[in-house]
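A look at the structure
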Amino acid sequence: MMENGVEISLRNENIAKLVQYGIVTGLIQEEDRVYVTNQILMVMGLDDYEEPMDGLTPPSGTLIGDTGGQSTSENENSHGFDDGNNLEEILSVLISDARNRGGIQEGVVAADLFDSQLMNCLMPFPREVNQKFWSLYENSPKEATDYYYDLSRKSNYIRTARVAKDVKWTVDSAYGEIEMSINCSKPEKDPRAIALAKSMKATAYPKCQLCRENEGYAGRLNHPGRSNHRIIPLQILHKPWGLQYSPYVYYNEHCIVLSMEHHPMVIDRSAFEKLFDFIRQFPHYFVGSNADLPIVGGSILSHEHFQGGCHDFPMAKAPMEKTVTISGYEDVEAGIVKWPLSVIRIRCKDAKRLVDLADHILTTWRSYTDEEAGIHAYTENEPHNTITPIARMRDGKYELDLALRNNRTTEEYPLGIFHPHAMHHNIKKENIGLIEVMGLAILPARLKTEMGEIADAIARGVTWSDKEELKKHVAWFEAFASHYEVLAHGGDCSICEESLKERREKIYQILLVEMGNTFVRVLEDAGVYPCTKEGRMAFDRFLNVL
């Protein structure tokens, strides 16, 4: 395919911009310029290049976009470059160029694989990242994580431009303020990539997306590219573990703590010990684990890992509605958290005492049956009871929240008794994992479009309930529509004098609130003991067994 001068000039300009981005963000130094340029040319499949004539070196002084190694989580758009020349635009030009020359396939998956390789040209070796991390750690664990989080963002491993597209809001509830989000940052599955992946040779390398072999892995159509990925090695209970950030950062400094060995999730005494060993090393972070059973567990049960970060979740802010004293553990503060799920909070200066008590609670819960409350520990030999634990340091004391979980199913609730019920599936159908247990909803991207279409239709006074993709919302909408005058008379200009845009926005905000209210009910669905008089009596029966 013949290229014209404009195409070649644009490509060269953006190669130079990418190199300059690396310099101004501190990923590389000026003396790396020629080497990095040639590495980019290699990834691009090029053997010819001409430096742009106008030059891209900024004036001396403070580097554009320099964050001083600090976390920039409050501004998800701070890529570190200059206005109009941000990283996303640079990569988009280079991706289009490679695609036009037949270098990569169509679709977002192929583009992600490719731009990860481009960004790896700017990245330090793992040993260099680790050396700097642990050097900073000697002064402060927070300085170390600030550096690593900043690196993960500048390298585009955390795709900040996509994260900025997420819809985030809060809703008030009887349990405090609940955090809501529509996840638009994780790319939708590309049908073209799915079709091509079916024809690919099966491979077990890496075994899963959490294995250490992902560090620097180029990826494939059915496995994400991690060329620009770096893992910080840790010791947890004297065993090799790693620290990394989630590419989708659902909350501030959303990190993943993973075993360097590929083995399944297990909630047992050692899991509690591991959580507190991490908190001991990084006291400014919380850390928690998904449960270890299907339905109430996370999406990856095959590889032991935890999730943590620097965020104060709604559940952490929730008070204890009732304190209890557990025999043999009188020195440990304990109580029931005022929360839609059934959560026991324990607190003590001695982490070992919390581990002892948590192990006692877990062991008792594993075999606990209360038929009156609908709780069965086993169906034949299949276990149902487990725990979602979350550890943190608060006011000089270790704190552990233990959410009681049960994954039993019935004919009435084939997806799980303590799982989002069918009436809520238009909003939330997926498992309630660790992040949502703590009060942050991760809702599917489709809702952004669907709620926008509903709000627009109501504002214009046109019918929406007959649209196939919106029919699932009709019963949900009708349950609250009469409570809002604007929903009943949204398209009647004689009643509402607001502009169409303002009216649509008002309706959209109502829909967001009602999605939040639905999520609260979903969390109540997941609670093994309802927040009712009868439910709390049943909760007390379990506590009395302890």
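Coordinates for the structure precede this section.
All values reported here derive from a predicted model rather than from experimental measurement. (Residues numbered from 1 in each chain as written. Predicted model: local features only at pLDDT ≥ 70, side-chain atom pairs only at ≥ 80, totals over all residues. Heavy atoms only, no water.)

**A short note on the pattern of salt bridges**
Oppositely charged side chains can pair when the atoms bearing their charge come close. For the record, the criterion: One side-chain nitrogen of Lys or Arg within 4 Å of one carboxyl oxygen of Asp or Glu is enough to make a salt bridge. Secondary structure elements are taken from DSSP: a helix is a run of H or I of four residues or more, a strand is a run of E of two residues or more, and numbering for both begins at the N terminus. Accessible area is worked out with a 1.4 Å probe on protein chains only. A residue is then buried under 20% of its type maximum, exposed over 50%, and partly exposed in between.
Under the definition given, this model contains 38 salt bridges. Taking the shortest distance from any N to any O, the salt bridge between Asp-115 and Arg-159 comes out at 2.7 Å. One end of the pair, Asp-115, is in helix 4 (residues 108–120); the other, Arg-159, is in the loop between helix 6 (141–154) and helix 7 (160–163), with 44 residues separating them in the sequence. Judged by relative accessible area, Asp-115 falls into the buried class, the value being 5%. With relative accessibility at 14%, the residue Arg-159 sits in the buried group.

**What to know about the side chain of Arg-347**
Worth spelling out the cut-off: Polar contact criterion, stated in full: a pair of N or O atoms within 3.5 Å, where within protein one must be able to donate a hydrogen and the other to accept it, and residues adjacent in sequence count only if both atoms are side-chain atoms. Should any heavy atoms of two residues lie within 4.5 Å, those residues are considered in contact.
Following the sequence through the fold, Arg-347 ends up in strand 10 (residues 343–348). For Arg-347, a relative accessible area of 18% corresponds to the buried category. A distance of 2.7 Å separates the side chain of Arg-347 from the side chain of Glu-399, its partner in a polar contact. Sequence-distant contacts of Arg-347, that is, excluding residues within four places in its chain, are made with Met-320, Val-332, Glu-333, Leu-354, Lys-397, Tyr-398 and Glu-399.

**Comments concerning the nonpolar core**
Definition in use: Residues grouped as a nonpolar core are buried Ala, Val, Leu, Ile, Met, Phe, Trp, Tyr and Cys residues, joined through side-chain atoms within 4.5 Å.
Formed by 89 residues in total, the largest nonpolar core has its most connected members in Leu-18, Ile-346 and Tyr-529. When residues of this core are assigned to their parent elements, the largest contribution, eight residues, is made by helix 11 (residues 351–366). Residues in contact with Ile-346, not counting those within four places in the same chain, are Val-332, Glu-333, Ala-334, Leu-354, Leu-357, Ala-358, Ile-361, Tyr-398, Glu-399, Leu-400 and Leu-402. With 57 residues, the next largest nonpolar core counts Val-171, Leu-341, Val-522 and Ala-526 among its residues.

**So, the side chain of His-254**
Relative to the elements of secondary structure, His-254 occurs in the loop between strand 4 (239–245) and strand 5 (255–259). Engagement of the side chain of His-254 in a polar contact is seen with the side chain of Gln-307, the distance being 2.7 Å. In contact with His-254, other than residues within four places in its own chain, are Tyr-245, Ser-246, Val-249, Gln-307, Gly-308 and Ile-435.

**Remarks on the sheet that holds strand 13 (residues 385–394)**
This is how the line gets drawn: When DSSP finds two or more bridges between a pair of strands, those strands are recorded as paired. Axis definition: a line fitted to C-alpha atoms, over the contacting stretch in the case of helices. Angles run 0 to 180 degrees between N-to-C directions.
Taken together, ten strands build an open sheet; the order of strands is 3-4-5-7-6-13-14-10-9-8 and the sheet is antiparallel. The sheet is open, and its two borders are formed by strand 3 (232–236) and strand 8 (320–324), each paired with just one other strand. Within the sheet, the average angular offset between the axes of one strand and its neighbour, ignoring direction, is 25°. Relative to strand 14 (residues 397–406), strand 13 runs antiparallel, the two sharing ten bridges. For Ala-391, the partnering residue across the bridge sits in strand 14 and is Leu-400.

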